[in-house]
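# A structural walkthrough
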Amino acid sequence: TSLTLLSIQRCNMKLISFAAASLFASVSNSALPPGYEDELWCQPGNCEIYTNPYGIVGARSTFEKCYDPETNVMSEGVWTGSETDVTVQDGFIQPQICTAEQYSQCEVDTQCTLLISPGCSCYVSSSIHPYQACEDKDCNFSGCTGNECGGYVGVCQPGFNGTGNTCMLEETNDIGNTTAPVPTPAPSSAALASVSIMICIISISSAINYIA
């Protein structure tokens, strides 16, 4: 009996550890722990948009921006959190998410164009709200092959609850004539959880058979 209880306790600890790790990794796909970028503050008249031309994960401030629909200007805003002492300027507001009427990057996939940055990375740009990785005439593209976007496509990802659509970078099996590596996705949380549960079941079954 004690051996069975020990196996169950060990399984519980494994699953608790797995759940904690998964929760931390899923918080806004963030590179920062909670308490550093909890709230976005913008100037009056701004709403909040999401943009991710490189299709990467990182801190919330990398993707969530302030946007003024009247002037068509995007800005960084100010981020506050329980672990920071950042002071918000007087008059700044916590913005609502922009509606589709206020900001939308695309209606169809053809409005999402693949481009190459000076660092030889592939990114996607909206024809409605263009993003240029480098607008300087002296941008350095040395070392770029021109095939960096092989294996990727630009797609128009639908918004939700009345928000606008977003141009996103997606992988495709058609890598064409490219030498750029296509990232290998990590195992999903569901797959890892299934493996952990199966290991626990096998451990408990073995303990019960040993006692019997």
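Summarised in this report is the structure supplied together with it. Computed from a predicted model, the values in this text were never measured in an experiment.

Criteria and thresholds
- Residues numbered from 1 in each chain as written.
- Predicted model: local features only at pLDDT ≥ 70, side-chain atom pairs only at ≥ 80, totals over all residues.
- Heavy atoms only, no water.
- Pairing = 2+ DSSP bridges.
- Helix = DSSP H or I, 4+ residues; strand = E, 2+ residues; numbered from the N terminus.
- Axes fitted to C-alpha atoms, helices over the stretch in contact; angles between N-to-C directions.
- Salt bridge = Lys/Arg side-chain N within 4 Å of Asp/Glu carboxyl O.
- Buried < 20%, exposed > 50% of the residue type's maximum accessible area, 1.4 Å probe, protein only.
- Core = buried A, V, L, I, M, F, W, Y, C linked by side-chain atoms within 4.5 Å.
- Contact = heavy atoms within 4.5 Å.
- Disulfide = S-S within 2.5 Å.

### Quick word on the sheet that holds strand β2 (residues 47-50)
The strands making up a sheet are joined through hydrogen bonds of the backbone, oriented either antiparallel or parallel. Taken together, the three strands give an open sheet; going across it, the order is β2-β3-β4, and neighbouring strands pair in antiparallel fashion. Only two strands of the sheet have a single partner each, and these edge strands are β2 and β4 (73-75). The mean inter-strand angle of the sheet, taken between neighbouring strand axes irrespective of direction, is 40 degrees. Bridge analysis of strand β3 (residues 64-68) against β4 gives three bridges, and the strand direction is antiparallel. Bridged to Tyr 67 within β4 is Met 74.

### Section: the pairing of strand β6 (residues 112-116)
Both β6 and strand β7 (residues 122-126) contribute to a ladder of five bridges, which runs antiparallel. The partner of Thr 113 across the bridge, within β7, is Ser 125. If you look at the hairpin formed by β6 and β7, you'll find five residues sitting between the two strands, and Cys 120 has a positive phi there, around 65 degrees.

### A word on the pattern of salt bridges
On inspection of all chains with the given rule, the structure shows two salt bridges. Its salt-bridge partner being Glu 64, residue Arg 60 comes within 3.0 Å of it at the nearest N-O pair. The partner of Lys 65 in a salt bridge is Glu 76, and the shortest N-O contact between them spans 2.8 Å. Here the residue Lys 65 occupies a position in strand β3, and Glu 76 occupies one in the loop between β4 and β5 (78-80), the gap between them amounting to eleven residues. Exposure remark for Lys 65: the relative accessible area of 9% places this residue in the buried category. Given the relative accessible area of 47%, Glu 76 is considered partly exposed.

### Looking at the nonpolar core
Membership of the largest hydrophobic core is limited to nine residues, which are Cys 106, Cys 112, Cys 122, Val 124, Cys 149, Tyr 152, Cys 156, Cys 167 and Leu 169. Discounting chain neighbours no more than four positions away, the residues touching Cys 106 are Gln 111, Cys 112, Ile 128, Cys 156, Gln 157, Asn 165, Thr 166 and Cys 167. Within the second largest apolar cluster, five residues are counted, among which are Cys 47, Ile 49, Cys 98 and Tyr 103.

### As for the state of the cysteines
Each disulfide consists of a covalent bond between the sulfur atoms of two cysteine residues. Considering all chains together, one arrives at seven disulfides under this definition. Bridging Cys 112 to Cys 167, the disulfide has an S-S length of 2.1 Å. Disulfide Cys 112-Cys 167: torsion about the S-S bond near -80 degrees, hence left-handed. Remark: Cys 167 occurs in strand β9 (residues 166-171) and Cys 112 occurs in strand β6; sequence separation between them is 55 residues.

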